[in-house]
Amino acid sequence: MYQYAVYLENISFSYENKTVIKNLSLRVKPGEHIGIVGDSGCGKSTLLKILAGLYEPDCGRAVIAGESLPEKIRAQAALVMQHNSLFPLSIRDNITCGHDVPEEVVWTACQNASLTKWIENLPYGLDTNVGERGNQVSGGQAQRIQIARALCKNAPVILLDEPVSALDKNTAYSVLNTLKQLTDGKTVIHVTHHQETLDKSYTLYHMKGGKLVHE
């Protein structure tokens, strides 16, 4: 089992008696890139939260990078969500999550997430507060901060939920190219409505009826 970066065995998950994921299994080897497409509400984001250790499946087994306890899984996976998931702290704290990270590492992550020019023009730079639920920054800026957070964490498993949905076309193209370079050698699970954002390195699955179907 531990030869896999992601090992899901017959997991199920329900919200208020509505089954979203049903007897789903998945094996992903280290360094493999998996793309998951499907309609809104089909369970893609819920699956990513299980992979990130934020949710526990109702039944079945989830082992991520050799870890099965949620608190240990969270150390192995970096998650970029479609929706704003910032803390009411500074840009720096949102990127480092309070860990002691060298300044040059933070700035490299910012540069790779196309944040540098914007941050340098802020009065307080990296120490600018993003506000409650990130309400002091735009959706695109919030998404890029999340990308910088994921890059800074340097986890073996990268989980992407529509990572460039709030970005303009040119910035999205730039960030996707950067993500491609920086996730080389890492295990990537990328869920999206837009299959065209996935390159040929991805093994494609479609989520239907709470299960994954290999395309």
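Higher on the page you've got the structure.
Residues numbered from 1 in each chain as written. Predicted model: local features only at pLDDT ≥ 70, side-chain atom pairs only at ≥ 80, totals over all residues. Heavy atoms only, no water.

Our focus in this paragraph is the layout of surface pockets. Space inside the largest pocket adds up to approximately 770 Å³. Lining of the largest pocket is provided by 34 residues; of these, Ala52, Leu54, Leu79, Met81 and Ser85 occupy positions nearest its centre. Of all the elements in the fold, those that place two or more residues in the lining of the largest pocket are helix 1 (44-51), strand 5 (77-80), helix 3 (91-96) and helix 6 (139-153). Looking at which element gives the most residues to the lining of the largest pocket, the answer is helix 6, with 5 residues. The residue inventory of the lining of the largest pocket, partitioned by class, reads 14 nonpolar, 13 polar and 7 charged. There is about 450 Å³ of room inside the second largest pocket. Lining the second largest pocket are 24 residues, with Ala172, Leu176, Glu196, Thr197 and Leu198 sitting closest to its centre. When residues in the lining of the second largest pocket are grouped by element, the largest group, 7 residues, is from helix 7 (residues 169-182). (1 Å grid on protein atoms, 1.4 Å probe; cavity = no way out; pocket = protein on both sides within 12 Å on 5 of 7 lines; lining within 4 Å. Points joined across faces, edges and corners; volume = space filled by probe spheres on them. Helix = DSSP H or I, 4+ residues; strand = E, 2+ residues; numbered from the N terminus. Nonpolar A, V, L, I, M, F, W, Y, C, P; charged D, E, K, R; others polar.)

The next thing to look at is helix 1. The element helix 1 is extensively covered by neighbouring structure, given that 6 of its 8 residues are classed as buried. Taken as a whole, helix 1 has its buried residues at Lys44, Thr46, Leu47, Leu48, Ile50 and Leu51. Taken from the residues just after helix 1, Gly53 is the one with a positive phi, measuring 80°. (Buried < 20%, exposed > 50% of the residue type's maximum accessible area, 1.4 Å probe, protein only.)

The 6 strands are arranged 5-6-7-3-8-9 in an open sheet whose pairing can be described as mixed. Here the strands that pair on one side only, and so sit at the sheet edges, are strand 5 and strand 9 (211-214). Each adjacent strand pair in this sheet contributes to an overall mean axis angle of 25°, direction not counted. Pairing analysis gives 4 bridges linking strand 8 (residues 202-208) to strand 9, with the strands arranged antiparallel. Its bridge partner lying in strand 9, Met207 is registered against Leu212. (Pairing = 2+ DSSP bridges. Axes fitted to C-alpha atoms, helices over the stretch in contact; angles between N-to-C directions.)

Take the pattern of salt bridges next. One pass over the full model with this rule turns up 3 salt bridges. Connected via shared salt-bridge partners are Arg92, Glu103 and Asp127. (Salt bridge = Lys/Arg side-chain N within 4 Å of Asp/Glu carboxyl O.)

Here we come to the sheet that holds strand 2 (residues 18-28). Reading across from one edge, 2-1-4 is the order of the 3 strands in this open sheet, with antiparallel pairing throughout. Every interior strand has two partners, whereas the edge strands, strand 2 and strand 4 (59-64), have only one. Neighbour to neighbour, the strand axes of the sheet diverge by 25° on average, direction disregarded. One ladder, built from 7 bridges, connects strand 1 (residues 6-15) with strand 2; its direction is antiparallel. Following the sheet pairing, Tyr7 is matched in strand 2 by Arg27. Sitting on the sheet, helix 1 is in contact with strand 1, strand 2 and strand 4, with an inclination near 125° to strand 1. (Contact = heavy atoms within 4.5 Å.)

Turning next to unusual backbone geometry. For Glu16, which is not glycine, the phi dihedral falls at a positive 45°. Structurally, Glu16 can be placed in the loop between strand 1 and strand 2. Notably, Asn23 is not glycine yet its phi reads approximately 50°, a positive angle. Within the secondary structure, Asn23 is located in strand 2. Exposure remark for Asn23: the relative accessible area of 40% places this residue in the partly exposed category.

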